[in-house]
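Here's the letter readout for the chains.
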Amino acid sequence: MGSEENWTARTALLLGEDGVRRLKESSVAVIGLGGVGSYAAEALARAGVGRLILVDGDTVDITNLNRQLLALHSTLGRPKAEVAAERVRDIHPGCVVEAETLFYRPAAPDGTGGEGIGLIRGCDYVADCIDMVTSKLGLRRECADEGIPLISAMGCGNRLDPSRLRVKDIFETDNCALCRVMRKELRRRGLPGMKVVCSDEPALTPLGGGEPAPGKRSVPGSVSFVPAAAGLLLAAEIVHDLLRGGETKP
């Protein structure tokens, strides 16, 4: 079995020993461990990030098999945060991993409720891979209050071309309905912009999907490679920024 130094040797050829050390001393929270977040979390672990907080309240479902790194027939029904933590420990035993099986929820206007508030405190970076707009906005608020750099994944559903993924400030994006909603809400709440990973590919119309059942959201189509590419791009931005000493503009 190789030493810890040996397993990061190839990384050090590109980042240098100082870069490897900086990543080892860094702490990153990945909120949401689906198609994007699962790949982002594993890429950060393989890059040598020394502490990872992995947050997701969901369990692995059979519909996740087409795109999510954590989804195997052997993991069906298991909490995603636990499965992700096991993988990280098996890849990088020296990593301090905190698995939180919960859905991040912002507090209500009266200050009540909220789940996962405070988990990011002390982190060097946060990866937002959440689906829900209210939760994304709440996390943006908390990161702004705590002074923690944030990068947010936007919509990857109904896209087929991973080469159309871009890293931008959210106020410079187009062809993304989620970005459009987020821009409006950020302005309304007086929140600053943020770095995002998004696609400039116009969203495709799912084939034969029909209308969603009453009270249900429409389900976007997905493939194996677009969310994965977004997660790897997101992790790359975090690593680059950590090595530069903080968040930078895209």
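Structural data are supplied above this passage.
Here goes a summary of the coordinates provided.

About the criteria used
For every chain, the first residue of its written sequence is number 1, and the numbers climb from 1 along that sequence. Only residues with pLDDT of 70 or above have their local features reported here, since the model is predicted, and side-chain atom pairs are shown and tallied only from 80 upward, although totals for entire chains, interfaces and linings are computed over all residues. The basis for the side-chain values is all heavy atoms of the structure; hydrogens and waters are excluded. Secondary structure elements are defined from DSSP: runs of H or I of at least 4 residues count as helices, runs of E of at least 2 residues count as strands, and each element is numbered from the N terminus. Put simply, the radius of gyration uses C-alpha atoms, and a globule should come to 2.2 Å times the residue count raised to 0.38. Only protein chains enter the calculation, and the probe is 1.4 Å; a residue is then buried if its accessible area is under 20% of its type maximum, exposed if over 50%, and partly exposed in between. Here the open area of atoms and residues is found with the Shrake-Rupley method and a 1.4 Å probe, where only the protein chains shown may cover a residue. As used throughout, the charge tally considers Lys and Arg to be positive and Asp and Glu to be negative, leaving His and the chain termini uncounted. For this purpose, a charge sits on NZ of Lys, CZ of Arg, CG of Asp or CD of Glu. In this scheme, strands are said to pair when DSSP sees at least two bridges between them. Lines are fitted to the C-alpha atoms to define the axes, a helix being fitted only along its stretch in contact, and any angle between axes, read from their N-to-C directions, falls within 0 to 180 degrees. Here a residue-residue contact requires only that any non-hydrogen atoms of the pair lie within 4.5 Å. Orientation labels follow simple angle bins: below 35 degrees gives roughly parallel, above 145 gives roughly antiparallel, 65 to 115 gives roughly perpendicular, and whatever is left gives oblique. It is the rotation of the near helix from the far one that decides the hand of a crossing: anticlockwise by less than a right angle makes it left-handed, clockwise makes it right-handed. Only Asp, Glu, Lys and Arg are considered charged, only Ala, Val, Leu, Ile, Met, Phe, Trp, Tyr, Cys and Pro nonpolar, and every remaining residue, Gly among them, polar. Salt bridges are defined by distance alone: a side-chain nitrogen of Lys or Arg within 4 Å of a carboxyl oxygen of Asp or Glu. For this analysis, a nonpolar core means a set of buried residues of the types Ala, Val, Leu, Ile, Met, Phe, Trp, Tyr and Cys, connected via side-chain atoms within 4.5 Å.

### Here we look at the overall build of the protein chain
A count of helical and extended segments in the protein chain gives seven helices and seven strands. Each helix (α) and strand (β) of the protein chain, taken in turn from the N terminus, gives the series α-α-β-α-β-α-β-β-α-β-β-α-β-α. A globule of 250 residues ought to have a C-alpha radius of gyration of about 18 Å, and the protein chain, at 18 Å, matches this closely. In the protein chain, which comprises 250 residues, the proportion classed as buried is 45%. Carbon together with sulfur atoms contributes 52% to the accessible area of the protein chain, which is approximately 12500 Å² in total. Separation of charge centres in the protein chain, based on 31 positive and 33 negative side chains, amounts to 5 Å.

### Focus on the sheet that holds strand 2 (residues 51-55)
Reading across from one edge, 3-2-1-4-5-7-6 is the order of the seven strands in this open sheet, with mixed pairing throughout. Each edge of the sheet is formed by a strand with only one pairing partner; in this case those strands are strand 3 (96-100) and strand 6 (165-169). Put simply, the sheet's adjacent strands are angled 15 degrees from each other on average, direction ignored. Relative to strand 2, strand 1 (residues 27-31) runs parallel, the two sharing five bridges. Residue pairing across strands places Val-28 opposite Leu-52, the latter belonging to strand 2. Here helix 5 (residues 133-146) sits on the sheet in contact with strand 1, strand 4 (125-128) and strand 5 (150-153), set at roughly 170 degrees to strand 5.

### Describing the packing of helix 3 (residues 37-47) against helix 7 (residues 225-244)
Across the interface, helix 3 lies against helix 7 with an axial gap of 7 Å and an inter-helix angle of 40 degrees. In terms of orientation, helix 3 lies oblique with respect to helix 7. Here helix 3 and helix 7 pass one another in a crossing that is right-handed. Contacts from Tyr-39, Ala-40, Ala-43, Leu-44 and Ala-47 of helix 3 reach helix 7 at Ala-228, Gly-231, Leu-232, Leu-234, Ala-235, Ile-238 and Val-239. Class assignment for the residues of the contact of helix 3 with helix 7 results in 11 nonpolar, one polar and no charged.

### Concerning the pattern of salt bridges
For the coordinates displayed, the defined rule picks out 16 salt bridges. Put simply, Arg-46 and Glu-42 hold a salt bridge, and the shortest N to O gap is 3.0 Å. On the criterion of helical spacing, the pair formed by Arg-46 and Glu-42 is a turn pair, its members being four residues apart in helix 3. Its salt-bridge partner being Arg-121, residue Glu-146 comes within 3.1 Å of it at the nearest N-O pair. With Glu-146 in helix 5 and Arg-121 in the loop between strand 3 and strand 4, the pair connects residues that are 25 residues apart, well separated along the chain.

### A short note on the side chain of Asp-56
Within the element layout of this structure, Asp-56 appears in the loop between strand 2 and helix 4 (80-91). Within the buried set, Asp-56 has no salt-bridge partner at all; the shortest N-O distance to an opposite charge, 4.8 Å, is to Lys-80. Not counting chain neighbours up to four residues away, the residues in contact with Asp-56 comprise Gly-32, Leu-33, Gly-34, Lys-80, Ala-81, Glu-100, Thr-101, Leu-102 and Phe-103.

### Some thoughts on the nonpolar core
With 37 residues, the main nonpolar core has Val-28, Val-30, Leu-44, Leu-52, Leu-54, Leu-234 and Ile-238 as its most contacted residues. When contributions to this core are tallied by element, the ones reaching two or more residues are strand 1, helix 3, strand 2, helix 4, strand 4, strand 5 and helix 7. Sorting elements by how many residues they give to this core places helix 7 first, with seven residues. When sequence neighbours within four positions are dropped, the list of residues in contact with Leu-234 reads Val-36, Ala-40, Ala-127, Cys-129, Ile-151, Ser-152, Ala-153 and Val-197. Listed in part, the 26 residues of the second largest apolar core include Ile-53, Ile-148, Cys-176 and Val-196.

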